[in-house]
Every structure is written in C-alpha cells, then in structure tokens.
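Residue-level listing of the chains:
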Amino acid sequence: MNNKLYGNLIFELSHAGRRGYSLPKNRFGEHQTVELPAELRRETDAALPECDEMTVVRHYTNHSQNNFGVNNGFYPLGSCTMKYNPVINEEIAAMTEFTTLHPMQPAETCQGALEVYYHVQQTLAQLTGLSEFTLNPCAGAHGELTGLMIIRSYHDSRGDSKRTKVIIPDSAHGTNPASAAVCGLDVIEVKSLSNGTVNVEDLKALIEQHANEIAGMMMTNPNTLGLFERNIPEIAQLIHQCGGLMYYDGANLNPMLGVCRPGDMGFDVMHINLHKTFSTPHGGGGPGSGPVGVRKGLEAFLPTPRVVLDEDEYMLRVETDNKSSLGSVGCFFGNFGVILRAYAYLLSLGKENIKWVGPLATLNANYIKESLKDVYELPIGGVCKHEFVFDGLKDKSTGVTTMDVAKRLLDYGYHAPTIYFPLLFHEAMMIEPTENESKETIDGFIDVLRKIAKEAAEQPDVVKSAPNNTPIRRVDDVLAAKQPVLTWRAMQEI
Ligand SMILES: *Cc1c(COP(=O)(O)O)cnc(C)c1O
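Please read all numbers here as calculations on a predicted model, not as lab measurements. (Residues numbered from 1 in each chain as written. Predicted model: local features only at pLDDT ≥ 70, side-chain atom pairs only at ≥ 80, totals over all residues. Heavy atoms only, no water.)

**Student:** Describe the packing of helix 6 (residues 140–157) against helix 7 (residues 175–182), naming the residues involved and giving the relevant values.
**Tutor:** Running from N to C, helix 6 and helix 7 cross one another at 45°; their axes reach a closest spacing of 9 Å. Considering their axes alone, helix 6 and helix 7 lie oblique with respect to each other. Handedness of the crossing formed by helix 6 with helix 7: right-handed. Packed against helix 6, whose contacting residues are Ala141, Glu144, Leu145 and Leu148, the element helix 7 presents Thr175, Asn176, Ser179, Ala180 and Val182 at the interface. Of the residues that constitute the contact of helix 6 with helix 7, the class distribution is five nonpolar, three polar and one charged. (Axes fitted to C-alpha atoms, helices over the stretch in contact; angles between N-to-C directions. Helix = DSSP H or I, 4+ residues; strand = E, 2+ residues; numbered from the N terminus. Parallel < 35°, antiparallel > 145°, perpendicular 65-115°, else oblique. Left-handed = near helix turned anticlockwise from the far one by under 90°. Contact = heavy atoms within 4.5 Å. Nonpolar A, V, L, I, M, F, W, Y, C, P; charged D, E, K, R; others polar.)

Pasting the structure below:
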C-alpha cells in the first residue's frame, strides 16, 4: 500500500495530455466524421483525469487493498458479526441458472430452485424444532414484524382483541421495540438482573399488572450480552399461562446450532438472520433474509407464497388457498440469493458438522474472555456463549477509552470489536470471534489486546492518538456523520 506515491484521488495524479489508451483509427475516413449538433455538446471538456496505464492500475489496486474484511484478517465484531462467508457460496448464488430465473415463471419450469427453497424451509424447521418456516421476510427486523403480525393474527382469530402489549427485556436489540411499535403493539420493558439475564420477579409483577392484555414476549437467546437465558422454561410457562405467545429473536443462532432448539424451549414464533448466521455477509445495508418459523398449530398464519411438496412436485402455496394467512409480506419469495447461500452453507457443513458450530463459537469466546479478564473489565462473569462484553480497560486511571483501544487495534491489523453497544455499560466492547478461527489467530488477538493494555499504562498517548499507521488517521466521527464529504468537486480543482 503506497498511497503517498500513487495518490488518494486519481485526479491528483492527472497530467494534461497523458494517455493510458489508444482508440482505433476512424475506418470511414475523414469526410465521414459526423459532428454532434452543437446543442448536444458540452461547452467545456469533462474534467477527467489523464493518466498513464500503470498509474491507473496501481492506484486502483492499492485502493482495493485498503479494504478490511474477513478475508484479510480477524474480525471480532460482536452481535452483527461477519460469521462464515465462504466464497464458494457467493459463486453458487451467482450461477446464471439461478440469476436468470424470473419470479413469475411457472413452477414446473423451476423445480430445482423450488427444491432449494423447500429444503431450506424444512432444514430450518428441523434445526429450530419448529413446525414450518416462511423465507419471505428480507431482514431480521422484517422477520420480527412478520412474527409479531402472526401473534396478532393468532389472538384476533380467537376474538381476543385486547392483547396489544408485548414484553421486551431492557437488553434487547433496538429492532425488537421498533418492530413491536410498527406492528401497533405497546412495549413493556422488563428489567435485567445484574447477571445480565431477565429478572423473573420483575416479569411476574408485569404479568400480574397487564395479564390479559399481553400479546406475547420477545426474547433473544443468547441475549445481547452473549448470555444464555437460563430461566426460559419458567418464563415461557408464565407467558403461556397468561395467554401470550413466546417470540424468539434468533438473529445470532450460531451458538445454539446443534446444541438446543427454540421449539423445545417453549417458543411459538421466531426469526433467524440468514445474513449473520447462515453465510451471507451482514452489513452495508443488505441484502438480507429473516425467515420466520412457527410451532405446530400456527402454520396457517404464515405469509405466502410458500413452497410445498405435492407427491414429487414442488408447488407454490399462495394466499388465496388460506384465509388466515398474512398474505404477502414482501415481493415474491424474498431474497433468493441469500437463501441459496444458506443452502450451500447447510449442505457443506452437513448434519454432523453443524453440531460443532455452537460449541466452537462458545469455546472461542470464553477462551478470549478468560485470557483477558485480568486487564479488561469483565462486568458479568461466568460462561458466555458466542460473544461477551468488556467494560473497557480494567485500569481506568490511564484515561484510555474503549474508542482508543479499538483504534489502536487497527494499527496492529485487526478489525475493531463492536464498541459502545450494548448500552448497559459505559465503555462496552463486545467481542465475538466466531467458530471458524484457529487457536493461533485467537492467541495473536489476545496478545495484541494485552500489549495495548500495557501501552495504555506505560505510554497512553500512543493509544490515544491511534491509529498511527492506517491510510486514514483518526477521523472526527461526529463531523463525518453530520457533514460527510461524498463527492469530489471536479470543476473547482482542475
Ligand atoms: C441483527 C439483529 C437484529 C436485526 O436484524 P436486521 O437484519 O439488521 O434487521 C435483530 N436482533 C438481533 C439480536 C440482532 O443481532
């Protein structure tokens, strides 16, 4: 990477008259040249950079290497992690046999694609212990909304129209209360205990207060602190007794895979993020897929279309077949490319290997946590699942913040963890290694975090001024968010 030599902007490398191309001669001769009418022509030439070929190639090649992703280095971003995104899954999703399909072509002409769709529906049901899945929602939050609409439809179908409240823990992902509000439900917040899990006594009081107005409860497990909610059986019983349904936010299902199933814990409705757990990269705004599953007895409320197997033919079930269904929640079938990646992921791991995903994700996270808790503040101890939260450096006297540590990690070639989320701790630093990293990679990360803790104590300015050797130094993140400079003003500069 040599940005000094090759410039940050191609315009800075421009020299008038320099060329990196040659056009073929006019085969029709001078007299055949047709001038464009003057009113269609620009008055001044476009301000295009003029560079030689090697300069252009190096400029863009060097810039392409300024990207950081899972293919260049360790990426311990908690909660919305880039989990396992092998390139072969991208290649499968890009196959023309799939990309040239039209969503309205007759079922008998795309049996292969419908078979993939059907198998993903079935496999998710098996992995989660639920009865049926729809793959139509296009994001986690979209799945939440769909799931909550199913819960509403269920109560409505029984003539129980008073149930307009949904209980959500204070540790929940922000999309949970937002989806409830979009669905027209009122949110009741249940508190967490100091150990990070739901406070069952607080929940009991809320249930007593609102009993027959409760539509259901949304829970995330492992919760946003990476902790297994141990009291789910009791909580599910309390909610069911008062007539509500249990919703499972399964955005980050990897620590559960092969270990336990939401359907067996007493959940009625759930969503999964295929972008996160099942191989589509998360971030950058999409595309995503948030399939929704329901337990036995709620299938009729699912949206359509769904793919069903009739004898040996895959068919579409549409809303006109079923009056209870929500109908359509998105266009056509959702994001089919994401579903293809999930299918490739499921097949490449297979029934045997998928059992290792949860245990290895859990082992890796706990190994990092235990190796660093003497220098980083661990507000909630005990065994975590796939991720955990530090509350900054243990030694608060250095003045070095979580932001500084995150920036210093960039100097050492690591992506930063998720910082200042969840909001429960001031200096939150949320680390998720995922199930795919080797012990050497994880040890390297641990060493660097220890080194940064030492620097914070001995030469804090090095950490506070970081990053020191990245192409862009520390930016003013407020200014960058409020007044982003997204274009280069060509006319002023040339
Ligand atoms: C990511 C996430 C969501 C929302 O998923 P989107 O696809 O971003 O809408 C919901 N809940 C949890 C716990 C998540 O981590």
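**Student:** Lay out empty space enclosed by the protein in plain terms, naming residues and giving numbers.
**Tutor:** One pass over the structure, following the stated rule, counts two cavities of 30 Å³ or more. Considering only enclosed or pocket space, the largest cavity measures out at about 70 Å³ in volume. Taken together, Leu225, Leu227, Lys369, Leu378, Pro379, Ile380, Gly381, Gly382, Cys384, Phe388, Val389 and Phe425 make up the full set of residues lining the largest cavity. Its residues placed into classes, the lining of the largest cavity shows nine nonpolar, two polar and one charged. As a volume, the second largest cavity reaches approximately 30 Å³. Of the residues contributing to the lining of the second largest cavity, the split by class is no nonpolar, two polar and four charged. (1 Å grid on protein atoms, 1.4 Å probe; cavity = no way out; pocket = protein on both sides within 12 Å on 5 of 7 lines; lining within 4 Å. Points joined across faces, edges and corners; volume = space filled by probe spheres on them.)

**Student:** Quick one: what's the story with a nonpolar patch on the surface, residue by residue and with numbers?
**Tutor:** A cluster of nonpolar side chains, Trp356, Leu360 and Leu363, forms an exposed patch at the surface whose accessible area comes to about 320 Å². Here leucine 360 shows up in helix 13 (residues 357–372). Of the residues examined, leucine 360 reaches a relative accessible area of 32% and is grouped as partly exposed. (Patch = residues over 30% accessible without salt bridge, like charges linked within 9 Å, V, L, I, M, F, W, Y side chains within 5 Å. Areas by Shrake-Rupley, 256 points an atom, 1.4 Å probe, with all protein chains shown as cover. Salt bridge = Lys/Arg side-chain N within 4 Å of Asp/Glu carboxyl O. Buried < 20%, exposed > 50% of the residue type's maximum accessible area, 1.4 Å probe, protein only.)

**Student:** Lay out the site of the ligand with the relevant residues and their values.
**Tutor:** What surrounds the ligand is a group of 16 residues, the closest being Gly140, Ala141, Asp249, His275 and Lys276. Between alanine 141 and the ligand, the recorded distance is 2.8 Å, taken from a backbone N or O atom to an oxygen atom. One of the side-chain nitrogen or oxygen atoms of asparagine 252 is found 3.0 Å away from an oxygen atom of the ligand. Taking 380 Å² as the accessible area of the ligand by itself, protein coverage stands at 90%. For the shell around the ligand, the elements supplying multiple residues, two or more each, are helix 6 and helix 11 (274–277). The greatest single-element share of the shell around the ligand, amounting to three residues, is contributed by helix 6. Tallied by class, the residues present in the shell around the ligand amount to four nonpolar, nine polar and three charged. (Near = heavy atom within 4 Å. Polar contact = N/O pair within 3.5 Å; in protein donor to acceptor, adjacent residues only side chain to side chain.)

**Student:** An account of the state of the cysteines is requested, with residue identities and associated values reported.
**Tutor:** One pass over the full model with this rule turns up zero disulfides. Among the cysteines around cysteine 183, which has no disulfide bond, cysteine 242 carries the closest sulfur, lying 17 Å off. Here cysteine 384 stays unpaired: no disulfide links it, and the sulfur of cysteine 260, its closest cysteine neighbor, is 15 Å away. (Disulfide = S-S within 2.5 Å.)

**Student:** Lay out the sheet that holds strand 10 (residues 388–391) in plain terms, naming residues and giving numbers.
**Tutor:** The strands making up a sheet associate through hydrogen bonds between their backbones, and the pairing can be parallel or antiparallel. With antiparallel pairing, the three strands of this open sheet are ordered in space as 10-12-11. Each having just a single partner strand, strand 10 and strand 11 (418–419) make up the two edges of the open sheet. Where strand 11 meets strand 12 (residues 428–431), two bridges bridge the pair, whose relative direction is antiparallel. Residue pairing across strands places threonine 418 opposite methionine 430, the latter belonging to strand 12. (Pairing = 2+ DSSP bridges.)

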